Amino acid sequence: MNLKKYYALMIVLSIVVPPGLLQAKVLDLKPIYTAGISEKTNRAMQKINTTYSDITELITIGKSAKEGTEIKAIRLGKGDKNILINSGHHGREALTTILALDQLDYLAEAYTNNETINGYSIRALLNTVSIWFVPLLNPDGAELAMSTLPSWKANGRGVDLNRNYPTLYATVKLSKAPSAEGYKGTAPFSETETQALRDLCYEKDFEAAIAYHSAGQVIYWWYHQTGEAYGKSAELAGILSQMTGYALVPPSQSTGGLGFTDWFIQEFDRPSFTVEIGKTVNQKPLKWGEYQEIWKKNKNVLLQLGAEMIKRNTHPWETTVNDQTIRGEMLFESGVVPVREVSQIMDLSYSYDVITKTVTISKADQTLVLTLNEKEALHNNEQVILPVPAYLANGTSYVPLQTVLDIFSDIQE
Ligand SMILES: [Zn+2]
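Caption draft 1: The overall build of the protein, seen in detail. Of the regular secondary structure elements, the protein holds 12 helices and 20 strands. Expected size for 413 residues packed as a compact globule is a radius of gyration near 22 Å; at 24 Å, the protein falls within 12% of this value. Its C-alpha atoms put the protein at 75 × 70 × 35 Å along the principal axes. The buried share of the protein, reckoned over its 413 residues, is 45%. In the protein, once contacts between residues fewer than 6 apart in sequence are set aside, the share between residues at least 24 apart is 69%.

Right under this line is the structure:
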């Protein structure tokens, strides 16, 4: 390239990508989707955790039953509330693992670049709700399917992990011996893989869950929910169906009872969805060539689910401060109030800086600086963690009331 062309290119690049400003995705996914997938998946998660250490937490939730490979989970975001996505219950469905890793990479990048996608600030979202990813629940099964036994669905011990949950365990008859698919094991949760996911669910108290599978482009969402739980699940399922183009499986055809989603719905009375991503159903791993279309359909599923959980857990709320009524919102269990009104009632000064998007509240020698959509605030220049971020809605800044009360309610005039 001659010098003139070089400079011309540099000018174009500097306009399109300001140097050092934008994070790009860090994972190279195609080489993961082959033999060695379990080790490569864990390395990919490690890479994400190193790149985004301020917003991720990588943990080992158990080991696979046969080979003892570590099963890892990674949290993305700083929100106190959690949602779960798990992939790879079934060995031959490892393209779901690729999808989970891709979503993780995509959302971590979007957080870092402070992007707004589909009208949602990714920071506001992930500072309120964290997403837990379990990209590969069944490393041994995936390894078998990607190397020597492409139709292998079970774990390394021949137990079909999505038939190892307790919901209808006693009544459903399946094959009697370990095999490539359809053996439920000796007891519910007999396998270290399902134990690991069960324990994570109890520990993290997920608001909702998605289990990715790969046969048939449909969404399972129903397991005997009634009343309000039915309405909530049906509505969310409709949104996911619209986003992905996958058909909803009607309750009359949801006859599972041994799978993760059935168990989650029954145990926690919260929504869970089995999302089947594959167009072809031929008992073998999906072809890499199907992936781009799957990605397009699913890339925003998690952010939409997170946003829907926030929407459904935000309600009008009022309380009294200094004997005066103040109206705000209850966001999960945190009351947020308009900064203007709480400042008037508590005799505080406040200002809003449109450039830095910060709200500054002060009285006497106490100052609190909150940045919209961020979890951290500064109290007299020391960091405090907010229960939920401050945010702007309809031109009004809302701030978490408890933090304001903690700092300013005892000040003597
Ligand atoms: Zn499956």
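Once the structure has been displayed, the description carries forward.
Caption draft 2: Quick look at helix α11 (residues 339-346). Of all the residues in α11, the buried ones are Val339, Val342 and Ser343. Down the axis of α11, the sector holding all buried residues measures 100 degrees, keeping them to one side. A positive phi of about 60 degrees marks aspartate 347, the residue just after α11.

Caption draft 3: Region of the structure containing the environment of tyrosine 391. As for its position among the elements, tyrosine 391 is in strand β19 (residues 391-393). Apart from the residues lying within four places of it in its own chain, the contact partners of tyrosine 391 are Ala124, Leu372, Asn373 and Tyr398.

Caption draft 4: Representation of the nonpolar core. Core analysis: the largest hydrophobic core is formed by 105 residues, its most contacted members being Leu76, Ile83, Leu104, Leu107, Phe133, Ile219 and Val399. Looking at this core, the element that brings in the most residues is helix α3 (residues 95-112), giving 11 residues. When residues of this core are assigned to domains, at least three map to each of domain 1 (27-312) and domain 2 (314-408). If we ignore the near neighbours within four places in the chain, the residues touching valine 399 are Val336, Val337, Val339, Val359, Leu370, Ala390 and Val404.

Caption draft 5: Representation of the sheet that holds strand β12 (residues 324-331) within the structure. One open sheet accounts for 5 strands, arranged β11-β12-β13-β20-β19; its pairing is antiparallel. Edge positions in the open sheet fall to β11 (314-321) and β19, since each of these has one partner strand only. Within the sheet, the average angular offset between the axes of one strand and its neighbour, ignoring direction, is 40 degrees. Bridge analysis of β11 against β12 gives 8 bridges, and the strand direction is antiparallel. Within β12, the residue paired with histidine 315 across the bridge is methionine 330. The strands that helix α12 (residues 401-408) touches are β12, β13 (334-338) and β20 (396-400); relative to β13, the one it contacts most, it runs at about 80 degrees.

Caption draft 6: Looking closely at the domain arrangement of the protein. Split by domain assignment, the protein resolves into domain 1 (27-312) and domain 2 (314-408). The C-alpha centroid of domain 2 is placed 37 Å from the C-alpha centroid of domain 1. Looking at the side of domain 1 that touches domain 2, the elements with two or more residues in it are α4 (122-126) and α10 (301-312). Tallied by class, the residues present in the side of domain 1 that touches domain 2 amount to 2 nonpolar, 3 polar and 5 charged.

Rules of the game
- Residues numbered from 1 in each chain as written.
- Predicted model: local features only at pLDDT ≥ 70, side-chain atom pairs only at ≥ 80, totals over all residues.
- Helix = DSSP H or I, 4+ residues; strand = E, 2+ residues; numbered from the N terminus.
- Rg over C-alpha atoms; globule rule 2.2 N^0.38 Å.
- Buried ≥ 20, exposed ≤ 12 C-beta atoms within 10 Å, placed from the backbone.
- Contact = placed C-beta atoms within 7 Å.
- Arc of directions from axis to C-beta.
- Core = buried A, V, L, I, M, F, W, Y, C linked by C-beta atoms within 7 Å.
- Domains from an automatic or database assignment.
- Pairing = 2+ DSSP bridges.
- Axes fitted to C-alpha atoms, helices over the stretch in contact; angles between N-to-C directions.
- Nonpolar A, V, L, I, M, F, W, Y, C, P; charged D, E, K, R; others polar.

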